[in-house]
Amino acid sequence: MRDHQAELRPLLDWYLANDSKEFYYEVRSTIPVGFVEKAARFLYLNAVSWNHLWRENSRTGAMNVPWGDRSFKGINDATMKSIGEVLTRADIVVADFREVLGTATRGDFVYLDPPYLPVFTRPDVEKEPTAKFNKYTAKTFEMVDLIELAKICADLSHRGVRWMMSNRDTESVRELFPNAEIIGFTTHRSLAAQSRREVEAHLSPEAIIIGRV
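Keep in mind the model is a prediction, meaning the values are calculated, not measured. (Residues numbered from 1 in each chain as written. Predicted model: local features only at pLDDT ≥ 70, side-chain atom pairs only at ≥ 80, totals over all residues. Heavy atoms only, no water.)

Trainee: Would you mind going over the environment of Ile208 with me for this structure?
Mentor: With respect to the element layout, Ile208 can be found in strand S4 (residues 200–210). Of the residues examined, Ile208 reaches a relative accessible area of 22% and is grouped as partly exposed. C-alpha of Ile208 to C-alpha of Glu181: the two residues are 27 residues apart in sequence and 8.1 Å apart in space. When neighbours within four sequence positions are excluded, Ile208 is seen to be in contact with Met164, Met165, Ser166, Glu181, Ile182, Ile183 and Phe185. (Helix = DSSP H or I, 4+ residues; strand = E, 2+ residues; numbered from the N terminus. Buried < 20%, exposed > 50% of the residue type's maximum accessible area, 1.4 Å probe, protein only. Contact = heavy atoms within 4.5 Å.)

Trainee: What am I meant to see in the pattern of salt bridges here?
Mentor: Side-chain pairs of opposite charge can arise whenever the charged atoms involved come near each other. Scanning all chains against the criterion turns up eight salt bridges. Residue Arg2 pairs with Asp3 through a salt bridge whose shortest N-O separation is 3.0 Å. (Salt bridge = Lys/Arg side-chain N within 4 Å of Asp/Glu carboxyl O.)

Trainee: How should the confidence of the model for the protein chain be read in this particular structure?
Mentor: Detailed conclusions should not be drawn from predicted coordinates in areas where pLDDT is low. Per-residue pLDDT for the protein chain has a mean of 87; in total, 84% of the residues score no lower than 70. Taken together, the stretch residues 193–200 has pLDDT below 50 and engages in 22 contacts with residues farther than four places along the chain or on a different chain. (pLDDT = per-residue confidence, 0-100.)

Trainee: Which parts of the structure should I look at to understand the packing of helix H1 (residues 5–18) against helix H4 (residues 77–87)?
Mentor: Packed helix pairs are specified by the crossing angle of their axes together with the interaxial distance, meaning the distance between the axes. Following both chains from N to C, one finds H1 and H4 inclined at 140°, their axes separated by 12 Å at the closest point. Classified by the angle between their axes, H1 and H4 sit oblique to one another. For the element pair H1 and H4, the recorded crossing hand is right-handed. Contacts between H1 and H4 involve Gln5, Leu8, Arg9 and Leu12 from the first element and Asp77, Met80, Lys81 and Gly84 from the second. For the contact of H1 with H4, the per-class residue count stands at three nonpolar, two polar and three charged. (Axes fitted to C-alpha atoms, helices over the stretch in contact; angles between N-to-C directions. Parallel < 35°, antiparallel > 145°, perpendicular 65-115°, else oblique. Left-handed = near helix turned anticlockwise from the far one by under 90°. Nonpolar A, V, L, I, M, F, W, Y, C, P; charged D, E, K, R; others polar.)

Trainee: Would you take a moment to explain unusual backbone geometry for this structure?
Mentor: Most peptide bonds are trans, and most residues other than glycine sit at a negative phi. In this structure, Asn51 takes a positive phi of about 60° despite not being glycine. Along the chain, Asn51 falls in the loop between helix H3 (35–48) and H4. Looking at Asn51, the relative accessible area reads 28%, which means it is partly exposed. In this model, Asp69 sits at a positive phi of 60°, which is unusual for a non-glycine residue. For Asp69, the location among the structural elements is in the loop between H3 and H4.

Spelled out as structure tokens, the structure:
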């Protein structure tokens, strides 16, 4: 989107021209080789998938979100230009959080949004946890990872790095961050959220965790 807009444009136009439910599943089942082609596929699938989600099979790593019953709107030239200009001021790195946070230095600010661990939103009626945000990729984020992240955050504060994290407000989360400021609140989470469909909303306990330097 930043460096290869000329190559990306005809691919997005092709997706727009061929968009349909059947086409979505065809695209989902194939993985292109080139990085520009992969980018175009990602933008298309993410735009028309159910709830705009990207979720992967735990065994194969294949994207497995069903069609979202919506049309691909494409991306116009003005939007592409604006996104490209913003990205000229950013570096995008795909790496484990342990590696990235190890590079933070005094004076930096870090925002963290780790996957939420599974919980029962309504334990009286649910047979399994409603929220499983840690299972959207083939490699899951588990309690052991959150424990390690908490230790790294404590080290960030010790090194003079300011940080803030969003997470679910649970007893275990509060125990892991005893020296941070924790602001609790509730937000609406919709179950089976989808356009053109009635949804059931729940108040979810959330927390903003702010490290003290």
